[in-house]
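# A structural walkthrough
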Amino acid sequence: MSAVPATAFADEYRRFVAQLPGKVRSRYHPEYASWHRQASWNGRHFSRYPELIVHAATVDDIVATVKFAAQRQHRVSVRAGGHSYAGCFLQDNGILLDISALREIEVDPQRAVARIGPGVTGRQLTNALLPHGLAFPTGHGGDVGLSGFLLGGGLGINSTAWGPMSVFNIIGVDVVMADGSVRHASADAHPDLFWAARGGGPGLFFVVTGFYLRCHALPRAISNHIYGLPARALPQLIDAIDGHDWDPRLQIMLGMGRPQGENDPHALVLNVLAFGDSAADADAMQAALAKRLPPSLFTVLAALPQVSFEDIYRQSEAMLVSKNYRTDNVFTDRPQDAADILASHLPAMPAVAGMTLMIWRGRQALPDAAYSVSGRCFISTYLQWNEDADDERNRQWLARVYDRLAPLSTGSYVNEFDLEGRQARIARCYSAQSWERLQRLRRQYDAHAVFHALEGPGR
Ligand SMILES: Cc1cc2nc3c(=O)[nH]c(=O)nc-3n(C[C@H](O)[C@H](O)[C@H](O)COP(=O)(O)OP(=O)(O)OC[C@H]3O[C@@H](n4cnc5c(N)ncnc54)[C@H](O)[C@@H]3O)c2cc1C
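Every chain is numbered on its own, with residues counted from 1 as its sequence reads. Owing to the predicted nature of the model, reporting of local features is limited to residues with pLDDT of at least 70; listing and counting of side-chain atom pairs is limited to 80 or more, with chain, interface and lining totals taken over all residues. Hydrogens and waters are ignored; side-chain quantities use all the structure's heavy atoms.

Right, let's talk about the site of the ligand for a bit. Here, proximity means that at least one heavy atom of the residue falls within 4 Å of the molecule or strand. In the vicinity of the ligand, 32 residues are found, and the nearest of them are Ala80, Gly82, His83, His140 and Tyr413. With respect to the ligand, the backbone of Gly81 contributes an N or O atom lying 2.9 Å from an oxygen atom. Between His83 and the ligand, the recorded distance is 2.7 Å, taken from a backbone N or O atom to an oxygen atom. Summarising the interface, the protein chains cover 95% of the accessible area of the ligand, which totals 960 Å² for the free molecule. When contributions to the shell around the ligand are tallied by element, the ones reaching two or more residues are strand S3 (76–79), helix H5 (146–152) and strand S10 (207–214). What counts as a helix is a DSSP run of H or I of at least four residues, what counts as a strand is a run of E of at least two, and both are numbered from the N terminus. Top contributing element to the shell around the ligand by residue count: H5, with four residues. The definition of a polar contact used here is a pair of N or O atoms within 3.5 Å, where within protein one atom must be able to donate a hydrogen and the other to accept one, and adjacent residues in sequence count solely through side-chain atom pairs. Here the accessible surface of atoms and residues is derived via Shrake-Rupley with a 1.4 Å probe, and residues count as covered only by protein chains that are part of the display.

Before going further, it helps to spend a moment on the pairing of strand S4 (residues 95–98). Accessibility here uses a 1.4 Å probe with only protein chains present; expressed as a share of the type maximum, an area under 20% marks a residue as buried, one over 50% as exposed, and anything in between as partly exposed. Across the two faces of S4 the burial is the same, with Ile95 and Leu97 and Leu96 and Asp98 all buried. Two strands pair when backbone bridges link them, and strand S2 (residues 52–55) and S4 are joined in this way by four bridges, in the parallel orientation. The partner of Leu52 across the bridge, within S4, is Ile95. DSSP-based pairing: two strands are paired if at least 2 bridges between them are found.

Nonpolar side chains in soluble globular proteins tend to end up buried together. Core analysis: the biggest nonpolar cluster contains 68 residues, and Leu125, Phe206 and Phe211 have the highest contact counts within it. Element by element, the count of residues in this core is highest for helix H6 (residues 191–197), at five residues. Apart from residues no more than four positions distant in its own chain, Leu125 is found in contact with Ile105, Ala114, Ile116, Val120, Phe136, Leu146 and Leu213. Grouped together as the second largest cluster of nonpolar side chains are 42 residues, Ile241, Leu254, Val272 and Trp385 included. Throughout this description, the term nonpolar core refers to a set of buried Ala, Val, Leu, Ile, Met, Phe, Trp, Tyr and Cys residues connected via side-chain atoms within 4.5 Å. Contacts are residue-level and defined by heavy atoms, with any inter-residue pair within 4.5 Å sufficient.

Everything listed here is a matter of coordinates, which is why it stays silent on function.
The following block contains the structure:
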C-alpha cells in the first residue's frame, strides 16, 4: 500500500478532495487530530493513524472514496457508530471512511419494516418505531451504532425471542462494493453478499449503506426484577437457571463484580427482563424464575412492573464510567464449570468497575449466515479503569481468565471479543465453515484488498 503524502498533490488526489469539499482531512491537516479523537465512542486514544479521514455524507461520497482508494491502492476501514471497543476502524495508513452521517430512517408500519442508514443508533430507531407500536432488538446501550452491532450479530434487547440474534432481522442491505458499484442484496438478490452481511462482522469486504430490518410489535408489558445474592449462592443459582427451558421472552442476566468481602450480599446481581403481552403474562414469567431462586439467599433489589427501552438504555449507560475499556467473551454449554473459573478469578480482578455478565440464551437453531456461533450461556467481561498505567494489569488478567475459559467455549462473539489482544484468534467467532466461506468471498469480491480485513491465522 502506498502512503498518501507522497502523492498528496497528484491530480487524482486533488480531484478526489474537490469532489468532497470539507469532508477529507489528511494527517497534515490541523483538524486531523480532533477528527481522529472523535472517531472513538468514548474519546479513548488509539495509536493507529490512517493517512486520510473522510466524513461521507452521501452514498456518492462513499462510492467516490472507495473508487479513489481502489485506484490509489489505499486500504479502507469503515466507521459507523464508532462503538468498537478496540477501535478497529482505526488502522495505520489507508483511509478511514466515516459513514456515521448517513442517519435516515424510513418506517413502513404496514410491513413492519424499517430502512435505516448506517449511522443510526439503537435509541434513534426505537424512538422512530415507538409511534407505530413497533420495536427492534437494539443493543442495550442506546447510543451504540446499529450498523456494527448488526454486522457482528447483535445481542440485543429481547433478541432471544426476536432473532435469536438481532442480525437475523436483516432482510436486505444496500452495499457499495470494492469496485465502487452499488448493489442491493437479499435472500433473492446477491445471496452471497446477504449471507456475509448477516454476521460477517468488522472488516467486511463491502460497505453497507442501508439496512432493511424486520421489526416487531412492541411488548405491552416489560417488567424488570433485580435480585442481589452472595457469592456462595453461585452454584445453586446456576443450577436453578441452567436446568430449565425458559420462555425466550425472559432475558436472564447475571452480573458478577469483584466481591466486597466474603459475605457481600450483592456480589451477584441477577437482572431479569420479561417481555410480555400483558402485565399478567410478564408477571407469570417473572414468578416462574423467582420460584427457582435459592430460598433465603436472595434479596429483591427492584421489582419494576413496567420499564421502557429508554429505561433499559439508561440502566446500561449508567455502568459506563471510564474511557479505558476492554472486553472478552465466550459462549458455553457448561456454565457451571465456567462459573467455578470466574469465581476463582473475580476476587483478583484489577478493575474496580469491572463486571462479568452471564446471559442465558437457551438452545438456538441459527439460520445459515456468516453469524454462526451459539451456546446456552453467553459470558462476557467488561473491564473499565481510569489510569493508563493499569492497562497491562487489566490486559493480563482478562487474558488469564479467557485462556482458562477457552476449553469450555463453543465460540465467541466478535463484537465483544478482545480484538486488541486476540485478533489472531478472530476465527473463533465463526464456525469453521463460515470462516472459510467468508475468506473465499472476500478473495472473490475484494481481490485487491481495498477493504481492511481483520485476519487471524487460526482458531
Ligand atoms: C457502550 C457499549 C455498549 C454495547 N452494548 C452492546 C449490546 O448490548 N449488545 C451487543 O451485541 N453489542 C454491544 N456492544 C458492542 C457493539 O455491538 C460493537 O461495538 C459494534 O461494533 C458497534 O457498532 P458501531 O456501528 O458503533 O461500530 P463501529 O465501531 O463504527 O464499527 C465496527 C466495525 O464494524 C464494521 N462496520 C460497521 N458498520 C459498517 C458498515 N455499514 N459497512 C461495513 N462495515 C461496517 C467496520 O469494520 C467497523 O470497523 C456495545 C458496545 C459499547 C461500546
